[in-house]
Amino acid sequence: MTNIPSVNLADFLSDDPKRKQKFVDEIGNAYEDIGFVSLKNHFLSDELVSGLYKEVKSFFALDVETKRKYEIEGLGGQRGYVSFGKEHAKGKKEGDLKEFWHFGQEPSADANLPEDYPANVTVEELPDFNKTGMEAYRMLEKTGIYVLRALALYIGVDEHYFDHWAANGNSILRPIHYPPITSEPKGAVRAGAHGDINLITLLMGASTGGLQVLTKEGEWVDAIPQEDELVINVGDMLERHTNNKLRSTIHRVVNPPKEQWDKPRYSIPFFMHPRGDMKLNCMPECINEEHPKAFEDITAGEFLHQRLVEIGLIKE
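This structure is a prediction, so every number in the text was calculated from the model and none was measured.

Enquirer: Can you lay out a negative patch on the surface for me, pointing to particular residues and giving the numbers?
Expert: Where like charges cluster on the molecular surface, the negative patch consists of Asp46, Glu47, Glu227 and Asp228. The topology assignment puts Glu227 in the loop between β10 (220-222) and β11 (230-234). Of the residues examined, Glu227 reaches a relative accessible area of 76% and is grouped as exposed.

In structure tokens form, the structure reads like this:
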């Protein structure tokens, strides 16, 4: 395998049952095999994408003192700014070579959530930053819900099984800035090898290079989507819920060749989380003699807390 499989959301949205089933089979098979796809014909317009990158680059270009005033203590990095080197991969000491921002869910009035989500942090210096960020958040959320509908059909449950859990879920949009590398990193990489915590991750910006995926055979493969494609992968919550049927694959962002150290890199993942009260118990449809139940019962909220402690964003 030299790249991750590519799928077309237009197939799933078409009125042709054969095209819809083709998408279900393609994405389901890819997620059983490597856990990653690149997806074309999502809901993000070119104008929205370019507008978001403009705002994100403007924010990270602000001076450190200005950015630091948006780093809110006590939130475990769930909203606002997280400064350079704060986060590390699970089991790793070195901080990743990145700084980032978090936009979070603004739930509907009738969401009836078991917890209050923190409010988003408003950047005073950039009047369009928050508005553009939340527009992109909604379009990525919409794309993610359709992907989850396809996966529900692949697993053999109702197409809308995930809708309630995902629609007001604790999802995060994370614009990341990997600054130019100025000296030998001493064991640190732009993002250490890790699996994602959530249900699925939708990634903008992988076409700039550096993202690598670990295959079943133990080989690192470059994930190189087309510029208009999103990279979408399975997270640990969905792997757990499907009793390892769908794979949360280890991936990393490697440092570029030395001659490209002077170039920054931007990527914008959307981590699609369910509501905290969603049970991640192994689905009965994914348990059989060959695949006995592999995980203890746990809610999404409990699992998220465990993992935020492990990666250093929450101190116990």
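Next comes the rest of the description.
Enquirer: Which residues make up the packing of helix α3 (residues 46-60) against helix α5 (residues 129-155), and what values do they have?
Expert: Taken N-terminus to C-terminus, the directions of α3 and α5 make an angle of 135°; their axes are 9 Å apart at the nearest point. When the axis of α3 is compared with that of α5, the two are oblique. For α3 against α5, the interelement crossing comes out left-handed. Residues Leu48, Gly51, Leu52, Glu55, Val56 and Phe59 of α3 form the contact with α5, whose own contacting residues are Phe129, Thr132, Gly133, Glu135, Ala136 and Met139. Its residues placed into classes, the contact of α3 with α5 shows seven nonpolar, three polar and two charged.

Enquirer: Tell me what's going on with the packing of helix α2 (residues 17-33) against α5, and back it up with residues and numbers.
Expert: One way to put it is that α2 packs onto α5 with a least axis distance of 9 Å and a crossing angle of 85°. On the basis of the axis angle, α2 is roughly perpendicular to α5. Across the interface between the two elements, Lys20, Phe23, Val24, Asp25, Ile27, Gly28, Asn29, Tyr31 and Glu32 of α2 pack against Val147, Ala150, Leu151, Leu153 and Tyr154 of α5.

Enquirer: An account of helix α8 (residues 300-310) is requested, with residue identities and associated values reported.
Expert: Every buried residue of α8 is listed here: Ala300, Phe303, Leu304, Arg307 and Leu308. For α8, the buried positions fall inside an angular range of 130° around the axis, keeping them on one side. Tucked into the core, α8 has its buried residues touching α7 (236-241).

Enquirer: So what about the environment of Phe12? Which residues, and what values?
Expert: For Phe12, the location among the structural elements is in helix α1 (residues 9-13). Assessed through its relative accessible area of 4%, Phe12 is described here as buried. On a C-alpha basis, the gap between Phe12 and Ala119 in space is 34 Å, while along the polypeptide they are 107 residues apart.

Enquirer: Describe in detail the packing of aromatic side chains, supporting the description with residues and values.
Expert: Per the counting criterion, the structure on display carries 13 aromatic pairs. Between Phe103 and Phe129 the ring centres are 5.2 Å apart and the planes differ by 35°, which places this aromatic pair in the tilted class. Here the residue Phe103 occupies a position in strand β4 (residues 99-104), and Phe129 occupies one in helix α5, the gap between them amounting to 26 residues. The pair Phe103 / Phe129 is uniform in exposure class, with both members buried.

Enquirer: For the pattern of salt bridges, give the residues involved together with the corresponding values.
Expert: With the rule as written, the count across this model stands at 19 salt bridges. With a shortest N-O distance of 3.2 Å, Lys40 and Glu229 are connected by a salt bridge. A residue pair is termed long-range when its members are at least 10 positions apart, and Lys40 in strand β2 (residues 36-40) and Glu229 in the loop between β10 and β11 qualify at 189 residues. A salt bridge links Glu99 to Lys67; its shortest N-O distance comes to 3.2 Å. Here Glu99, found in strand β4, pairs with Lys67, found in helix α4 (residues 64-68); they are 32 residues apart in sequence, far enough to count as distant. Its relative accessible area of 5% is what places Glu99 among the buried residues. Overlapping salt bridges, with partners in common, bring together Asp11, Arg19, Lys22 and Glu26 in one network.

Enquirer: Let's hear about the pairing of strand β8 (residues 200-204): which residues, and what values?
Expert: Here β8 lies mainly inside the structure; five of its five residues are buried. Both β8 and β11 contribute to a ladder of four bridges, which runs antiparallel. Each residue of the ladder has a partner; that of Leu202, found in β11, is Ile232. Where β8 and strand β13 (residues 265-272) come together, five bridges link them in antiparallel fashion. Following the sheet pairing, Ile200 is matched in β13 by Met272.

Enquirer: Break down the pairing of β11 for me, citing the residues and quoting the values.
Expert: Judged by how many residues are buried, β11 sits mostly within the fold: five of five residues are covered. A two-sided burial pattern is seen for β11, the buried positions comprising Leu230, Ile232 and Val234 on one face and Val231 and Asn233 on the other. Pairing geometry for β2 and β11, over four bridges, is antiparallel. Pairing of Ser38 across the sheet is with Val231, part of β11.

Enquirer: Let's hear about the nonpolar core: which residues, and what values?
Expert: Tyr31, Phe59, Trp101 and Ile232 are the most contacted members of the largest nonpolar core, which totals 82 residues. For this core, the leading source of residues is α5, giving 13 residues. In this structure Trp101 touches Phe59, Phe60, Tyr70, Gly80, Tyr81, Val121, Val123, Phe129, Leu173, Arg174 and Pro175, once residues within four positions along its chain are discounted.

About the criteria used
- Residues numbered from 1 in each chain as written.
- Predicted model: local features only at pLDDT ≥ 70, side-chain atom pairs only at ≥ 80, totals over all residues.
- Heavy atoms only, no water.
- Patch = residues over 30% accessible without salt bridge, like charges linked within 9 Å, V, L, I, M, F, W, Y side chains within 5 Å.
- Areas by Shrake-Rupley, 256 points an atom, 1.4 Å probe, with all protein chains shown as cover.
- Salt bridge = Lys/Arg side-chain N within 4 Å of Asp/Glu carboxyl O.
- Lys, Arg positive; Asp, Glu negative; His and termini not counted.
- Charge placed at Lys NZ, Arg CZ, Asp CG, Glu CD.
- Helix = DSSP H or I, 4+ residues; strand = E, 2+ residues; numbered from the N terminus.
- Buried < 20%, exposed > 50% of the residue type's maximum accessible area, 1.4 Å probe, protein only.
- Axes fitted to C-alpha atoms, helices over the stretch in contact; angles between N-to-C directions.
- Parallel < 35°, antiparallel > 145°, perpendicular 65-115°, else oblique.
- Left-handed = near helix turned anticlockwise from the far one by under 90°.
- Contact = heavy atoms within 4.5 Å.
- Nonpolar A, V, L, I, M, F, W, Y, C, P; charged D, E, K, R; others polar.
- Arc of directions from axis to C-beta.
- Phe/Tyr/Trp six-rings, centres within 6.5 Å; stacked < 30°, edge-to-face > 60°.
- Pairing = 2+ DSSP bridges.
- Core = buried A, V, L, I, M, F, W, Y, C linked by side-chain atoms within 4.5 Å.

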